[in-house]
Amino acid sequence: MRCLSVPPEDPIPAATPPGLLSPVLARDPYPAFRVLRESHPLARDEFLGAWLVSRYGDVCEALARDELVALPPGRTLAHMEGATHRAHRALVEPALRGRAVAALAAGASRTAHVLARRIAARPETDLVTEFCRWLPTAAVVAALGLPHEDTARVQRWCRDGLGHLGGGHHELDARLRPHLARRRSRPGDDLLSVLCAAEVDGRPLSDEAVAGLVGSLLGGGGEATALALASFLANLLDDPAQLALVRERPELIPAAWAESLRRDPPAPVVLRRAVRPVVVAGTTLPAGAVVACLVGAANRDPARFADPDRYDIRRADPGRLAFGAGRHACPGAELAARTAGYGLHALLDALPGLRWAPGFRPDPRGLLTRGPRTLLVRPQ
């Protein structure tokens with residue numbers, strides 16, 4: 001299968017704010033984002049039933065507001081408010097930076113090298129199918145201390161609706177139940193043990209609360225990181241000079257990852273719901289209002305970034321909006337960055353001649369979630 005570049009659409013008129021539900025935006029939302037940013041920084045999308053916010057400063061402010069929570073109602077960190085949110089986040093973030101890192105490193109590094117060696121033996125392969133979809137899920141499964149054989153099952157759940165907000169996935173809850181019981185009686189060094197042993201106001205987290213946090217990590221670590229990893233590899237393969245620079249100077253990998261998240265975030269549109277009146281882009285919106293934070297538009301705001309459409313791993317400050325900001329910053333962002341680093345290291349080690357297959361061009365799709373669905377390459 002060969003994916004060819006889509007020709008540019010006709011210019012979008014600036015007089016009327018473009019709506020997000022147009023199928024054109026799923027192919028390439030950035031012309032519409034530009035019109036919104038320049039002419040309609042706060043616009044009402046009647047078909048979507050949401051207010052669209054597109055400038056960098058306004059999106060940062062909106063994502064940081066306590067009054068805006070994830071929708072639909074749920075049990076994850078992004079759904080929580082006030083003191084409850086702060087207490088749960090204070091439990092998760094140190095764990096993700098501490099004991100879980102060793103488990104993540106072992107699982108991600110081992111899986112990345114196995115996948116890369118398998119790819120190296122083939123004349124041509126699809127990196128999305130054979131690498132990007134497997135590595136992030138395996139890394140989070142390892143960090144949680146779940147059995148490695150659960151990786152395929154979790155990946156299927158992600159495809160069937162376990163998104164970055166975790167949701168109330170009954171199969172996940174049922175699968176976790178015996179593991180939670182064992183961790184509560186015999187905790188180990190993995191992230192699941194940390195969550196089971198954690199307390200809020202002197203009381204342990206409920207099984208439902210732990211399952212919600214695990215769902216967020218599995219959904220985000222699986223779907224969002226897989227899309228982000230696909231865009232990361234596409235950006236480097238599109239620019240052989242920058243790929244060669246990363247080969248020569250692997251210490252640039254974190255900067256290369258951050259720049260890819262800026263240019264091509266895996267979630268260009270993040271929906272939030274106001275739990276009480278809130279000021280967004282200088283306007284007071286009522287309780288119940290839905291706000292679409294256009295992260296993809298903000299990340300290419302020329303008022304914030306020079307030459308914003310260009311992928312440049314030497315960019316001094318690429319920002320940090322792709323995995324949320326403020327209270328909505330994804331606690332798994334550090335795990336995602338480490339996973340991407342291990343993955344690229346493994347590919348560069350095993351595939352010295354990695355390049356696009358003849359005639360192939362990446363074709364990212366989607367709006368709420370976005371990334372290339374195919375990356376056809378020649379490994380050697």
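To start, this report covers the structure provided alongside it. Only a predicted model underlies this, so the values are computations on that prediction, with no experimental measurement involved. (Residues numbered from 1 in each chain as written. Predicted model: local features only at pLDDT ≥ 70, side-chain atom pairs only at ≥ 80, totals over all residues. Heavy atoms only, no water.)

### What to know about the packing of aromatic side chains
In this description, a pair of aromatic rings is defined by centroid distance and the angle of the planes. Under the defined criterion, the tally for this structure stands at 4 aromatic pairs. Centroid distance Phe232 to Trp257: 5.4 Å. Interplanar angle 80°. Geometry classified as edge-to-face. Of this pair, Phe232 sits in helix 11 (residues 207-237) while Trp257 sits in helix 13 (residues 253-263), and the two are 25 residues apart along the sequence. The class for Phe232 is buried, based on a relative accessible area of 0%. Owing to a relative accessible area of 5%, Trp257 belongs among the buried residues under this scheme. (Phe/Tyr/Trp six-rings, centres within 6.5 Å; stacked < 30°, edge-to-face > 60°. Helix = DSSP H or I, 4+ residues; strand = E, 2+ residues; numbered from the N terminus. Buried < 20%, exposed > 50% of the residue type's maximum accessible area, 1.4 Å probe, protein only.)

### Some details on the sheet that holds strand 14 (residues 376-378)
With antiparallel pairing, the 3 strands of this open sheet are ordered in space as 4-14-11. Only two strands of the sheet have a single partner each, and these edge strands are strand 4 (125-126) and strand 11 (355-356). Note that strand 4 and strand 14 share 2 bridges and pair antiparallel. Bridge pairing in strand 14 places Thr125 opposite Val377. (Pairing = 2+ DSSP bridges.)

### So, the layout of surface pockets
Volume-wise, the second largest pocket comes out at about 460 Å³. Around the second largest pocket, the lining comprises 23 residues; the ones closest to its centre are Trp257, Arg320, Ala333, Glu334 and Ala337. For the lining of the second largest pocket, the secondary-structure elements that each account for two or more residues are helix 13 and helix 15 (333-350). Classifying every residue of the lining of the second largest pocket by side-chain character gives 15 nonpolar, 4 polar and 4 charged. (1 Å grid on protein atoms, 1.4 Å probe; cavity = no way out; pocket = protein on both sides within 12 Å on 5 of 7 lines; lining within 4 Å. Points joined across faces, edges and corners; volume = space filled by probe spheres on them. Nonpolar A, V, L, I, M, F, W, Y, C, P; charged D, E, K, R; others polar.)

### Things to note about helix 7 (residues 135-144)
In an α-helix, one full turn covers 3.6 residues, which means residues spaced three or four apart are oriented alike. Within helix 7, 10 of the 10 residues are buried, leaving the element largely enclosed by the surrounding structure. Within helix 7 the residues assigned to the buried category are Leu135, Pro136, Thr137, Ala138, Ala139, Val140, Val141, Ala142, Ala143 and Leu144. Gly145 sits one or two residues past helix 7 and shows a positive phi near 80°.

### Overview of the pattern of salt bridges
One pass over the full model with this rule turns up 20 salt bridges. Where Glu67 meets Arg65, a salt bridge forms, and the shortest distance between an N and an O atom there is 3.2 Å. Relative accessible area serves as the criterion here: at 14%, Glu67 is assigned to the buried category. Under the relative-accessibility criterion, Arg65 is labelled partly exposed at 21%. Note that Arg365 is salt-bridged to Asp363, the shortest N-O span being 3.1 Å. For Arg365, a relative accessible area of 34% translates into the label partly exposed. For Asp363, a relative accessible area of 17% gives the class buried. Connected through shared salt-bridge partners, Arg34, Arg263, Asp264, Arg300 and Asp309 make up one network. (Salt bridge = Lys/Arg side-chain N within 4 Å of Asp/Glu carboxyl O.)

### Looking at the environment of Pro372
If you trace the backbone, Pro372 turns up in strand 13 (residues 371-372). Sequence separation between Pro372 and Ala226 is 146 residues; the distance between their C-alpha atoms is 9.9 Å. Residue contacts for Pro372: discarding those within four places in its chain leaves Val128, Ala230, Ser231, Ala234, Pro362, Asp363 and Pro364. (Contact = heavy atoms within 4.5 Å.)

### A word on the nonpolar core
Of all hydrophobic cores here, the largest spans 47 residues; its most connected members are Leu127, Phe131, Phe232 and Leu233. Those elements that place two or more of their residues in this core are helix 5 (99-120), helix 6 (127-132), helix 7, helix 11, helix 12 (240-248), helix 13, helix 15 and strand 14. Core analysis: the next-biggest nonpolar cluster, separate from the first, contains 23 residues, Leu180, Ala198, Ala209 and Leu213 among them. (Core = buried A, V, L, I, M, F, W, Y, C linked by side-chain atoms within 4.5 Å.)

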